[in-house]
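# Descriptive analysis of the structure
Listed below, chain by chain, are the residues.
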Amino acid sequence: MSERFDLDAEWLEPDGHGGFASGTVGGERTRRYHALLLTATKPPTGRYALVQGFEAWVETDNARVALSTQRYMPDVVYPDCTSYLTAFDTTPWPTWRFSLGDAGDIVFELFVTKASCETVLRWRAEPAGEGVELAREGGQNGVHNGGHNGSHNPGARITLNVRLLLSGRDYHSLHHENPVFDFERTGDGNVGWRPYNGLPGIAVLSNGTYAHAPEWYRNFLYRAERERGLDATEDLASPGVFSFDLHATDAAMVLHAGSLSGADAHAHAEALARTEYARRMAFPTPVERAADAYLVSRGQGRTLVAGFPWFTDWGRDTFIAMRGLMLATGRLAEAEAILVSWAGVVSEGMMPNRFPDDGGEPEYNSVDASLWYVIAVHDYLATGHACAHTQATLRHAVDAILDGYARGTRFAIGADADGLIRAGVPGVQLTWMDAKVDSWVVTPRVGKPVEIQALWVNALRIASHWTDAWRSLEHRANASFRERFTRSAAAGLLDVVDADHEPGKIDSKIRPNQIFAVGGLPYGLLARDQAEQVVAQVEAELWTPLGLRTLSPHDRDYCGRYLGGPRERDAAYHQGTVWPWLMGPFVDAWLRVHGSTAATRAEARDRFLAPLLAHLKTAGLGHVSEIADGDAPHTPRGAPFQAWSLGELIRIEHWLRHAPEVRDPGDAWA
């Protein structure tokens, strides 16, 4: 049966190359990123929005019913399709049901096919039936066979009209009326346009009639952008009207960036639906289907994007997310391809943290991305999938990373006399707590951050499996860690020692980074009593149903709401804001401390995972958000579709199902 969702909840349809379609359940575009056709010209970067949405309505013998929702300045909603919306579903793709009263219902479905990066829009008239399955009987469980059954009302006239709303802009920007926009038709598809030179054209296959009637629609208002303190209004161009007689046949439109050939839009759309349906249903579970959204092309290879709608691929995020999105779901060949590809970009022991949107040189500005790569390599090699050549390639990359860090590399990153890793220079953010406003690094954490040491010791121990060269350094670093990070008069661990590279200076703020000394990595660093103290403190002060806070609410710098303009939001990003991905290492640590038995795993699922599973039905549907407010009710914020958030949920779910039983908690890290 279909399920009701919050009208502001968002759906996502990725094309596998960095482009995507997205929007809300209620049909209103609340973000600049909501679009029907948004393409990546340099996959997964160089993204341009081409078709933002549509104005759609049906006319019957007795009424005109809106099938779209628009919001205009100053805050006017017209039309509003939600009063006619009776059901919504996301399986196998976003599908809406609208009531026409006595004239029956209209079912609208939308999907993007990864085979060809085409966006398919389909409307059909059906008998009235609130609560009836949206997927029509016949076909393959949601693939419509075509043809009209006429059972809604054989004599009713139902005419569908659709105006596409076009832009042609960088996906981070907004579009405004201008004399350069070219409304003239091209020969692509049944109807096509090339609004701006230098950008891909827009091709449309349609089984309706088209009437050329250029119009500018002005002053659309995007609420989410306004709430983020950004410019929030846009003008869009509509070249003409597509009309369809839904009494005679179903309506189909296929949108593509570039050229598109073929005359039978209905047959083409049906063929795409069958192919895409089979591809999606090959995934065993909905979360594995959602995980597929983040795997995209880069050049001749593959990579993981950090999230939608505004992230591309980041090194740190890729290696963290991979453990759940790919290794836990069995996508080993693709994981291997990504790891081998990244092995070729090690520079002075460092992995890039980001590839710029414009396709420029990669940015080597992270102390932890390289170390997370080592963790991902470890987890992949543990599957036994790698051949001898791949093993040698990955081990060589790991040794190059460790050698670079041991000798010293960019940004004062290097092993100190105590075996621990120091890192940081003024004005540069190197750890995952990387918010920066102009020249202000909000949480600089210069010195020896706690999670970097946990990653470093783990990396050294991992490499020691194939060479003894790192064994003595690993022992020294681990001993120094236990000695230097333990708080003298409180539970838990210090966040940074030798802060600002001053020997003995500490940062004692209570943050979640300490959890990695106990969980989330292959090896724990602490004795049992210390590990118990860490988990107890994190659970008492940082745990929320959606993840861990980044700062104790008792700290004077704590920010409980992620609101306001860019400066205000960046100031709160790691000062109390909740990060769902941290639930993974926390649950791992909690189970190591309490023992991994059937009873404790059941308790962990009920207490810690159930809220995240419920979250799949809010915000970004089927996915896990980037962040949430530190204060209750922990409203989801940031990107609604985040790779490492979903990845850690999948990883821990997999671990809870398959982990061996450990009755003595001390065995988990001894």
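All of the points below concern the structure found in this document. (Residues numbered from 1 in each chain as written. Predicted model: local features only at pLDDT ≥ 70, side-chain atom pairs only at ≥ 80, totals over all residues. Heavy atoms only, no water.)

## Notes on the packing of helix H12 (residues 583–594) against helix H14 (residues 643–658)
Just so we agree on the cut-off: To obtain each axis, a line is fitted to C-alpha atoms, and for helices this fit is confined to the stretch in contact; angles are then taken between N-to-C directions over 0 to 180 degrees. Only DSSP runs of H or I with at least four residues qualify as helices, and only runs of E with at least two residues qualify as strands; both kinds are numbered from the N terminus onward. Should an angle fall under 35 degrees it is taken as roughly parallel, and over 145 as roughly antiparallel, whereas 65 to 115 is taken as roughly perpendicular and any remaining angle as oblique. Residues count as neighbours in contact if any of their non-hydrogen atoms are within 4.5 Å of one another.
The contact between H12 and H14 brings their axes to 8 Å, and the two run at 25°. As judged from the angle between their axes, H12 and H14 are roughly parallel. Where H12 abuts H14, its residues Gly584, Pro585, Val587, Asp588 and Leu591 lie against Glu648, Arg651, Ile652, Trp655 and Leu656.

## A few points about the nonpolar core
Filter applied, for reference: Note on terminology: a nonpolar core comprises buried Ala, Val, Leu, Ile, Met, Phe, Trp, Tyr and Cys residues joined through side-chain atoms within 4.5 Å. Here the term buried applies to any residue with accessible area under 20% of the maximum for its type, exposed to any over 50%, and partly exposed to those in between, with areas from a 1.4 Å probe on protein chains only.
Grouped together as the largest cluster of nonpolar side chains are 131 residues, with contacts concentrated most on Tyr294, Leu325, Tyr373, Trp456, Phe586 and Leu646. Tallying contributions element by element places helix H8 (residues 450–463) first for this core, with 10 residues. With near-sequence residues (within four places) excluded, Tyr373 lies in contact with Phe319, Leu339, Trp342, Ala343, Met351, Leu394, Ala397 and Ile401. Cys81, Phe108, Val112 and Ile158 belong to the second largest nonpolar core, which has 50 residues in total.

## Side note on the environment of Ser83
Mapped onto the elements of the fold, Ser83 is located in the loop between strand E7 (76–77) and strand E8 (85–89). Residue Ser83 is classed as exposed on the basis of its relative accessible area of 60%. The spatial distance from the C-alpha of Ser83 to the C-alpha of Ser99 is 8.9 Å, given a sequence separation of 16 residues.

## Here we look at the pairing of strand E18 (residues 251–257)
Operational definition: Here, strands pair whenever DSSP counts at least two bridges between them.
For E18, a buried count of six out of seven residues is recorded, marking the element as mostly surrounded by other parts of the structure. The pairing of strand E11 (residues 118–126) with E18 spans five bridges and is classified as antiparallel. The residue bridging Val120 from the neighbouring strand is Val254, located in E18.

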